[in-house]
Amino acid sequence: MDLRVDINAACSIIEKENLLWTSYTEYTPLHLASTENIRSLFPKINTSFEKSLVVTCGGDQPLECLKYGGKNIHTFDINHLAKYGLFLKIGAIRALSYEGFCKFYQDFDLSLYSQIRRFLCPEICIFFDFLFKRYNHMTVIYFMFDKINNYQISNNSSVFTKEGFYQIKDQLNKSDISYIQSDLTDIASKKKQEEYDFIYLSNIFYYNGMSWPQYAEFLNEQLLPHLKQDGAILIHYLYSGLLEPTILSLNSRIGSQIAESKRREFTSLMSTTTGLDTELISVPASDFGFGDGNEDIGVVLKRKNHRITI
Ligand SMILES: C[S@@+](CC[C@H](N)C(=O)[O-])C[C@H]1O[C@@H](n2cnc3c(N)ncnc32)[C@H](O)[C@@H]1O
């Protein structure tokens with residue numbers, strides 16, 4: 001039943017050619033690859049990734065955890081279609097060589113799908129069999145997946161590098177990745193018994209409509225109880241270091257001063273409300289990032305006297 005609803009929703013997205021897409025809802029196009037420079041960010045987050053809770057996105061963020069020893073990865077997303085994007089990518093990694101994987105995702109070589117489908121569970125296989133039969137491959141990729149997110153930004157994540165691809169492929173055999181459809185605000189109630197080494201929330205905060213104090217309270221009350229003593233949580237990814245994209249309209253020197261002072265305010269509010277240390281981790285700006293900044297920033301909370309346990 002859900003599968004039929006999901007297929008109909010995907011068809012409707014493809015047929016509307018994704019024109020009406022303005023925010024993240026239960027059915028929106030998927031990102032083909034990470035828009036965040038997670039390849040540079042993850043190694044700077046000094047934590048274990050063994051048990052992680054990660055927003056699914058286009059699959060790259062959960063897969064990046066595998067590169068750093070992730071074994072038990074729980075993913076969630078508001079978008080029902082994120083599940084299909086994630087497990088298609090995992091199937092492609094299992095089935096293909098690095099060169100084949102790039103051909104499938106970057107050159108849209110549909111002939112490779114026959115190899116991938118052998119690694120898909122029935123539900124995911126039925127979904128993509130239907131779409132690839134009804135529409136041509138380019139149509140599916142371009143309209144079900146976000147158009148702006150094409151191969152030029154795929155160097156944001158390790159899975160699109162040869163070394164990272166094989167590390168992730170190897171770790172897939174030793175790990176378990178699950179998906180649950182959920183809004184961020186409901187995820188804690190669905191994972192009541194779980195504790196995590198690492199939680200990754202991407203840049204959902206740009207879109208979820210909470211004020212800074214509301215977000216700080218939400219993290220404190222709902223997510224931090226699920227963070228292990230030595231765990232780390234990425235609460236926001238800032239493109240060009242900006243908490244609020246509107247600053248972009250300002251002259252760049254004034255804009256960057258305001259951005260810095262806002263980051264200080266935000267950091268201090270998060271630390272005061274949660275009692276945790278806030279760390280701002282700078283990485284080279286992702287290829288997607290808006291603005292003319294040279295760096296993006298990951299905002300990470302850790303308990304005081306944090307040390308890694310592996
Ligand atoms: C915020 S978007 C931004 C794209 C991201 N930077 C990337 O690299 O893919 C990341 C993911 O968050 C999901 N998302 C957005 N709002 C959400 C919410 N309130 N709860 C759960 N997932 C959400 C989207 O569906 C998307 O898959």
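Calculation notes
Residues numbered from 1 in each chain as written. Predicted model: local features only at pLDDT ≥ 70, side-chain atom pairs only at ≥ 80, totals over all residues. Near = placed C-beta within 6 Å. Nonpolar A, V, L, I, M, F, W, Y, C, P; charged D, E, K, R; others polar. Domains from an automatic or database assignment. Axes fitted to C-alpha atoms, helices over the stretch in contact; angles between N-to-C directions. Helix = DSSP H or I, 4+ residues; strand = E, 2+ residues; numbered from the N terminus. Parallel < 35°, antiparallel > 145°, perpendicular 65-115°, else oblique. Left-handed = near helix turned anticlockwise from the far one by under 90°. Contact = placed C-beta atoms within 7 Å.

Enquirer: Quick question: what am I supposed to make of the site of the ligand here?
Expert: The immediate surroundings of the ligand are formed by 20 residues, with Tyr-24, Thr-35, Cys-57, Ile-78 and Leu-184 found nearest. For the shell around the ligand, the residue count by class is 8 nonpolar, 9 polar and 3 charged. Among the domains, domain 1 (1-40 + 78-173) and domain 2 (201-310) are the pair contributing at least three residues each to the shell around the ligand.

Enquirer: Quick question: what am I supposed to make of the packing of helix α1 (residues 2-15) against helix α7 (residues 122-134) here?
Expert: Angle between the axes and distance between the axes are the two parameters that describe a pair of packed helices. The contact between α1 and α7 brings their axes to 10 Å, and the two run at 30 degrees. Of the possible angle classes, the one that applies to α1 and α7 is roughly parallel. Here α1 and α7 pass one another in a crossing that is right-handed. Residues Leu-3, Asp-6, Ile-7 and Ala-10 of α1 form the contact with α7, whose participating residues are Glu-123, Ile-126, Phe-127, Phe-130 and Leu-131. Broken down by class, the residue content of the contact of α1 with α7 amounts to 7 nonpolar, no polar and 2 charged.

Enquirer: Honestly, unusual backbone geometry in this entry has me stumped. Any pointers?
Expert: For residues other than glycine, phi is negative in most cases, and the peptide bonds are mostly trans. Positive phi, close to 50 degrees, is recorded for Cys-57, a residue that is not glycine. Assignment of secondary structure puts Cys-57 in the loop between β1 (51-55) and α3 (60-67). Located in the positive-phi region is Ser-240, a residue other than glycine, with phi close to 50 degrees. Within the secondary structure, Ser-240 is located in the loop between β5 (227-238) and α12 (252-274).

Enquirer: Before we go on, may I ask you to explain the packing of helix α11 (residues 212-223) against α12 in this structure?
Expert: Between α11 and α12, whose axes approach to 9 Å, the crossing angle comes to 35 degrees. You can see that α11 and α12 cross each other, and the crossing is right-handed. Residue-level inspection shows Trp-212, Pro-213, Ala-216, Glu-217, Leu-219 and Asn-220 of α11 in contact with α12, the latter providing Phe-266, Leu-269, Met-270, Thr-273 and Thr-274. For the contact of α11 with α12, the class distribution of residues is 7 nonpolar, 3 polar and 1 charged.

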